[in-house]
Amino acid sequence: MRFFYVSLLPLISGFILTPWRVSSPRLKQRNHPTITHIATDVDGTLIPPNTQKPNAPSLEYLRDLHSEGKIEWVLATGKTREGAIRSLSQGNVIDKDFLKSLNGVFLQGLVVYKEGKVLRSVKLAPCVVKRVEKFVREKQKNNDNDKLELVAYCENRIFSWKGCEGREQTVGLSRFYGEPVVEASESLNFDDLEVNKLIVFAAADRVKSLRNDLAEALGKDKDFSITQALPTMLEVLPPDGSKEAGLRTLIGDLDHVLAIGDAENDIEMLRAAGRSFVCSDAAGQIVKEAAEFVVDLKTSEGGVKEGIRRVVN
C-alpha cells in the first residue's frame, strides 16, 4: 500500500501543475496535425478584457513564430481591419507595417484580406437592414428604457443615423476599441451603402430578451444570423458570416489551424479548427466547451502564449 501511494505522486503533481485542462476529446488524441496557421481573435484574446493594451509577451511570441516562416499568424476578429491594426499597435510592441502584412478575416468572417487586398466581402441583404432599423426605431419610440443604438459596418467604414454618433456606446467604438470614427447619416438605407453587418447596442441586462425580440421581428428567413461578442451588443450578420467561414475562404481546410478565441462569435472557429484553446477568462462555459482545452491563465497573464507553446512545442 505504501508503494501504491508513492508511485502515483509524480502523476498527481504533474496534473496539478499543468497549466491547462481538457475540454474536448481531441486533446486525448495521440497524433495531432502539424500546425501551419494560428488564427487569433483580438479583443478579449490578444487584448485582455476591459483594457486597451495588448498582452506584449503573446504578441511578441506570435510575431516571432510568423517571422520564422514555419507558422502563419492570421487575424480573426469582429473588428474592422483598420481597427484591429490600430488596437494591436498600441504600446508599440508590434509596428503597423508588420500588422498590415498579415492576412486575416474581419467583421467576423465577412471581409477577408489576403496580401493586403480584399478577397471576400459578404453583404447583408437590404431587406434585413431595413427590418433591423425598423425594429430599433420602434423600440426607441415605444420604450424609453430601451436606449438602443444602431451602427452599420461597411468594410473599414462605420455609419449610424444622426444622433447616435454622439452617444456613449457608439463613441466608444473609436475611443476604446480603436475603430474608425462613426460617420453620421439620416438613415442606414442608402442606395450606395453596402452593409456587411449591423450592431445593436443595449444595456447588458436587456440583451438576452432583446435578442429574442429581434430574432422574432426578423422572421424565420435564413438570410441573417445573430451573434454576440460583448455583453452590450448584438451583431446581425449575413448567412455564413462566421469566422470559420472566413478562414475557410482564406486557408481552405482547417485541420492544420490552431484557433484561439474568447467569446460566442469564436465558437464555430474553435470547433472547426484542428486545434483550439481559450484562456481561463473566456466568456462562458459554452465557449470553453467549444475549445479543445482551456489554459489555466488569464489573457493578461500570458495565457495565449502559454497555450500556443503547449501546441507548437
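Up top is the structure.
My aim in this report is to walk through the structure given alongside it, one point at a time. As a convention, each chain's residues are numbered from 1 in the sequence order in which they are written. Local features in a predicted model are, by the rule used here, given only for residues with pLDDT of at least 70; side-chain atom pairs are given and counted only at 80 or more, and totals for whole chains, interfaces and linings are based on all residues. Computation of side-chain values covers all heavy atoms of the structure but excludes hydrogens and water.

**A short note on the overall build of the chain**
Thought 1: A count of helices and strands for the chain gives eleven helices and 15 strands.
Thought 2: For the exposure calls, accessible area comes from a 1.4 Å probe over protein chains only, and a residue counts as buried if that area is under 20% of its type's maximum, exposed if over 50%, partly exposed in between. Across the 313 residues that make up the chain, the buried fraction comes to 50%.
Thought 3: Intrachain contacts of the chain at a sequence separation of at least 6 include 65% that bridge at least 24 residues. Only runs of H or I of at least four residues qualify as helices and only runs of E of at least two qualify as strands under DSSP, and these elements are numbered from the N terminus. Residue contacts are counted whenever heavy atoms from the two residues lie within 4.5 Å of one another.

**Focus on the environment of Arg157**
Thought 1: Inspection of the secondary structure assignment puts Arg157 in strand β8 (residues 157-161).
Thought 2: Residue contacts for Arg157: discarding those within four places in its chain leaves Ala152 and Glu183.

**Details of helix α3 (residues 81-88)**
Thought 1: The element α3 is extensively covered by neighbouring structure, given that six of its eight residues are classed as buried.
Thought 2: Residues of α3 that are buried sit in contact with α2 (56-68), β3 (72-76), α4 (96-100), β4 (104-106) and β5 (111-114).

**Considering the nonpolar core**
Thought 1: Formed by 44 residues in total, the largest nonpolar core has its most connected members in Ile38, Trp73, Leu88, Leu99, Leu258 and Ile308.
Thought 2: Looking at this core element by element, the count peaks at four residues for α2.
Thought 3: When neighbours within four sequence positions are excluded, Leu99 is seen to be in contact with Trp73, Ile85, Leu88, Ser89 and Ile94.
Thought 4: Of all hydrophobic cores here, the second largest spans 26 residues; its members include Val128, Val136, Ala152 and Phe224. As used in this record, nonpolar core signifies buried Ala, Val, Leu, Ile, Met, Phe, Trp, Tyr and Cys residues forming a set joined through side-chain atoms within 4.5 Å.

**Regarding the sheet that holds β8**
Thought 1: A pair of strands is considered paired only if DSSP assigns at least 2 bridges between the two. Read from one edge to the other, the open sheet built from six strands follows the order β9-β8-β7-β10-β12-β11, with strand pairing classed as mixed. Two strands lie at the open edges of the sheet, namely β9 (183-185) and β11 (225-227), each paired on one side alone. Going across the sheet, the axis of each strand differs from the next one's by a mean of 25°, ignoring polarity.
Thought 2: Across five bridges, the pairing between strand β7 (residues 149-154) and strand β10 (residues 197-201) is antiparallel. Note that in β10 the partner of Leu150 across the bridge is Val200.
Thought 3: Axis definition: a line fit to C-alpha positions, over the contact stretch in the case of helices; interaxial angles, taken between N-to-C directions, run 0 to 180 degrees. Sitting on the sheet, helix α7 (residues 207-218) touches β10, β11 and β12 (233-237), and the angle it makes with β12 is about 25°.

**Details of the packing of α2 against helix α11 (residues 303-312)**
Thought 1: Packing of α2 against α11 brings their axes to within 8 Å, and their N-to-C directions diverge by 35°. Mapping the contact onto sequence places Pro57, Ser58, Tyr61, Leu62 and Leu65 in α2 and Val304, Lys305, Ile308, Arg309 and Val312 in α11.
Thought 2: In terms of residue class, the contact of α2 with α11 is made up of seven nonpolar, one polar and two charged. Gly is put with the polar residues, along with every residue not named as nonpolar or charged; the nonpolar set is Ala, Val, Leu, Ile, Met, Phe, Trp, Tyr, Cys and Pro, and the charged set is Asp, Glu, Lys and Arg.

**Observations regarding the packing of helix α5 (residues 126-142) against α7**
For any two helices packed against each other, the geometry comes down to the angle between their axes and how far apart the axes lie.
Thought 1: At a minimum axis separation of 10 Å, α5 and α7 run at an interaxial angle of 130°. Considering the angle they form, α5 stands oblique to α7. As α5 packs across α7, the resulting crossing turns out to be right-handed. Along the contact surface, α5 presents Val128, Arg131, Val132, Phe135 and Lys139, while α7 presents Leu210, Asp213, Leu214, Ala217 and Leu218.
Thought 2: Taken together, the residues that form the contact of α5 with α7 break down as seven nonpolar, no polar and three charged. Angles below 35 degrees are treated as roughly parallel, those above 145 as roughly antiparallel, those between 65 and 115 as roughly perpendicular, and all remaining angles as oblique. Take the far helix as the reference: if the near one is turned anticlockwise from it by less than a right angle, the crossing is left-handed, and if turned clockwise, right-handed.

**Details of unusual backbone geometry**
Thought 1: The phi angle at Asn92 is positive, at roughly 60°, despite the residue not being glycine.
Thought 2: Tracing the backbone shows Asn92 in the loop between α3 and α4.
Thought 3: A relative accessible area of 72% places Asn92 in the exposed class.
Thought 4: Not every positive phi belongs to a glycine, and Gln108 is a case in point at roughly 65°.
Thought 5: With respect to the helices and strands, the residue Gln108 is situated in the loop between β4 and β5.

**Brief notes about the packing of aromatic side chains**
Thought 1: Only Phe, Tyr and Trp rings are paired, with Trp represented by its six-membered ring, and only when their centres lie within 6.5 Å; those with planes under 30 degrees apart are stacked, over 60 edge-to-face, the remainder tilted. In the structure shown here, the tally under the stated rule is four aromatic pairs.
Thought 2: Here Trp73 and Phe98 contribute two aromatic rings whose centre-to-centre distance is 6.1 Å and whose plane-to-plane angle is 40°, an arrangement assigned as tilted. Separated by 25 residues along the polypeptide, Trp73 in strand β3 and Phe98 in helix α4 bring together distant segments of the chain.
Thought 3: For Trp73, a relative accessible area of 1% gives the class buried.
Thought 4: On the accessibility criterion, Phe98 (15% relative accessible area) is buried.
Thought 5: Geometrically, the ring pair formed by Phe106 and Tyr113 is edge-to-face, given 5.7 Å between the ring centres and 85° between the ring planes.

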